[in-house]
Amino acid sequence: MTLIVDAHEDVAWNIVALGRDVRRSALETRRLEVGTEAPDRNGLCMVGLPEWLEGQVAVVFGTVYAAPARPGRDPDPQTYTDADEAHALGQQQLDAYHRLAEEEQVTLVGSGDDLGDVLASWQGECPQVGIVPLMEGADPIREPAEVEYWFERGIRLVGLSWKAGTRYAGGDAAPGPLTDQGRELLKGMAALGMVLDVSHLAEESFFEAVGRFEGRVVATHANPRALVPGARQLSDEMIRRLAERDGVIGIVPATFFLRPDWQTAGATLADVTAAIDHVCQVVGDAAHVGLGSDFDGGFGADHTPPELNTVADLQHIGPALAEAGYAEEHIEAILSRNWLRVLEDALPG
């Protein structure tokens, strides 16, 4: 099997908000959650260390994700109303990754050496899953100057906004440009060698950020708008701009990201390959697309193609691409090498 890099999983949120123990099997978590509110809140669990190892998911971009409180909703301890609350939630989730890295087969990846050690471990008897911390929505960074603190704690990628927008940028459900603070934050990120994740950015913010940011630019979890219309997805022009910056786009294998008629028609693995293929056709190569599952990020196995029951089943995408006519070298690029190229270039040391 080819090693897999998954560029987006909400691991820490599940640990903190739902009390899920990612060290156990996803199937065991499902059994334990029968009769609880967890499946209603976040779907049937798909992620666990045994499944990472079974599916040779060698590297995961693990999010630090805090959502703003929504007016009129019941209070939720995992949402924030101001910068200090967002900061505390981000700290709590990043602490969860540091604790998870105490597990024998989990490593926090903060440098090129860390990444090399993780990849080399798959040649031995104790393979490691590397977690690269990714901040989804930058509000936990209380002011642009604080980005260095988060870098020192392990954050290597930052998305300026979630769908609701932040004080740094407009979101896909809250259109708007970069703010002055957002522009300042981009400067600090570039100086540190951090990677910018443009997923969830409003279109106006997207184009300004891609044109302005001097470091690596990616979209860890976003699909083609040509296949599923809406501001959350990427237009062909946005896809081309990312490719021009040697960026990579992580395809989300969620039914509602794959087909506009998913509620009646469902979705299959063929729809996943179609989304991947669309990016390849738009940019003319297989060097700018990968996987960004967003598993356990508001949905679970009840909203994925039937061939994808847990994260281990990401391996099924390789044979599906081969059946669609993709060469082995291109399949390896899509499953891992494209994301590894970004990390090898961006990570220090």
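For the structure, check the block above.
Presented here is an overview of the structure given in this document.

Reading guide: rules and limits
Residues numbered from 1 in each chain as written. Predicted model: local features only at pLDDT ≥ 70, side-chain atom pairs only at ≥ 80, totals over all residues. Heavy atoms only, no water. Helix = DSSP H or I, 4+ residues; strand = E, 2+ residues; numbered from the N terminus. Rg over C-alpha atoms; globule rule 2.2 N^0.38 Å. Buried < 20%, exposed > 50% of the residue type's maximum accessible area, 1.4 Å probe, protein only. Contact = heavy atoms within 4.5 Å. Areas by Shrake-Rupley, 256 points an atom, 1.4 Å probe, with all protein chains shown as cover. Lys, Arg positive; Asp, Glu negative; His and termini not counted. Charge placed at Lys NZ, Arg CZ, Asp CG, Glu CD. Axes fitted to C-alpha atoms, helices over the stretch in contact; angles between N-to-C directions. Parallel < 35°, antiparallel > 145°, perpendicular 65-115°, else oblique. Left-handed = near helix turned anticlockwise from the far one by under 90°. Nonpolar A, V, L, I, M, F, W, Y, C, P; charged D, E, K, R; others polar. Core = buried A, V, L, I, M, F, W, Y, C linked by side-chain atoms within 4.5 Å. Phe/Tyr/Trp six-rings, centres within 6.5 Å; stacked < 30°, edge-to-face > 60°. Lys NZ or Arg CZ within 6 Å of the ring centre and 35° of its normal. 1 Å grid on protein atoms, 1.4 Å probe; cavity = no way out; pocket = protein on both sides within 12 Å on 5 of 7 lines; lining within 4 Å. Points joined across faces, edges and corners; volume = space filled by probe spheres on them.

**Here we look at the overall build of the chain**
Each helix and strand counted, the chain has 15 helices and 11 strands in total. The C-alpha atoms of the chain give 18 Å as radius of gyration, which agrees with the globular expectation for 349 residues (20 Å, within 12%). A total of 349 residues make up the chain; the buried ones form 59% of that total. Taking contacts inside the chain between residues at least 6 apart in sequence as the whole, the part at least 24 apart equals 72%. Counting every atom, the chain has about 13400 Å² of accessible surface; 48% of that belongs to carbon and sulfur. The average position of the 26 basic charges and that of the 56 acidic charges among the side chains of the chain differ by 4 Å.

**Remarks on the packing of helix α9 (residues 203-212) against helix α10 (residues 236-244)**
Interhelical geometry of α9 versus α10 gives an angle of 20° and a closest axis separation of 11 Å. As far as their axial angle goes, α10 and α9 are roughly parallel. With respect to the hand of their crossing, α9 and α10 are arranged in left-handed fashion. Contact residues: α9 offers Glu203, Phe206, Phe207, Val210 and Gly211, while α10 offers Glu237, Met238, Arg241 and Leu242. A breakdown of the residues in the contact of α9 with α10 according to their chemical character gives 5 nonpolar, 1 polar and 3 charged.

**Some remarks on the nonpolar core**
Judged by nonpolar contacts, the single largest core of 103 residues is most densely connected at Trp52, Val59, Phe61, Met189 and Ile276. Among all residues touching Trp52, those that are not within four sequence positions of it are Glu9, Val11, Val22, Val47, Val57, Val60, Trp122, Val129, Ile131 and Val311. Counting residues in each nonpolar core, the second largest holds 7 residues, with Leu18, Tyr65, Ala67 and Trp162 among its members.

**Topic: the packing of aromatic side chains**
By convention here, two paired aromatic rings are described through the distance between centres and the angle between planes. By the definition in use, this model includes 8 aromatic pairs. Summarising the aromatic geometry, the rings of Phe256 and Phe299 are spaced 5.5 Å apart at their centres and angled 90° between planes, so their arrangement reads as edge-to-face. Of this pair, Phe256 sits in helix α11 (residues 255-258) while Phe299 sits in the loop between β11 (289-291) and α14 (317-323), placing them 43 residues apart in sequence. Ring centres 6.4 Å apart and planes at 80° place the aromatic pair Phe295 and Phe299 in the edge-to-face group. Counting every residue linked through ring pairs, the aromatic cluster contains Phe256, Phe257, Trp262, Phe295 and Phe299. Between Arg156 and the ring centre of Phe151, over which it is positioned, the NZ or CZ distance is 3.9 Å.

**Brief notes about empty space enclosed by the protein**
Taken as a whole and judged by the stated rule, the model has 3 cavities of 30 Å³ or more. Its boundaries defined by the atoms lining it, the largest cavity holds a volume of some 90 Å³. Forming the walls of the largest cavity are Asp10, Val11, Asn14, Ile15, Arg20, Asp21, Val22, Thr29, Cys45, Val47, Phe295 and Asp296. Counted by class, the lining of the largest cavity contains 6 nonpolar, 2 polar and 4 charged residues.

**Focus: the side chain of Thr310**
Tracing the backbone shows Thr310 in the loop between β11 and α14. Residue Thr310 is classed as buried on the basis of its relative accessible area, which comes to 6%. Sequence-distant contacts of Thr310, defined by excluding residues within four places in its chain, comprise Leu27, Arg30, Met46, Glu51 and Phe295.

**Observations concerning the packing of helix α1 (residues 11-18) against helix α5 (residues 83-100)**
For any two helices packed against each other, one specifies the inter-axial angle together with the distance between the axes. Direction vectors running N to C along α1 and α5 enclose 105°, while the axes themselves pass 9 Å from each other. When the axes of α1 and α5 are compared, the pair comes out roughly perpendicular. Across from Val11, Ala12, Trp13, Ile15 and Val16 in α1, the residues of α5 making contact are Gln92, Gln93, Ala96, Tyr97 and Leu100. A breakdown of the residues in the contact of α1 with α5 according to their chemical character gives 8 nonpolar, 2 polar and no charged.

**So, the environment of Ser121**
One can find Ser121 in helix α6 (residues 112-121). Between the alpha carbons of Ser121 and Ala58 there is a distance of 9.3 Å; along the sequence they are 63 residues apart. For Ser121, the residues in contact, after removing those within four places along its chain, are Cys126, Pro127 and Gln128.

**Some details on the layout of surface pockets**
Of the pockets and cavities examined, the largest pocket occupies roughly 890 Å³. In terms of lining, the largest pocket is formed by 29 residues, of which the most central are Tyr65, Arg70, Trp162, Lys163 and Gly298. Counting residues per element, the ones that place at least two in the lining of the largest pocket are α3 (38-42), β3 (67-68) and α11. Here the lining of the largest pocket is built from residues that sort into 10 nonpolar, 8 polar and 11 charged.

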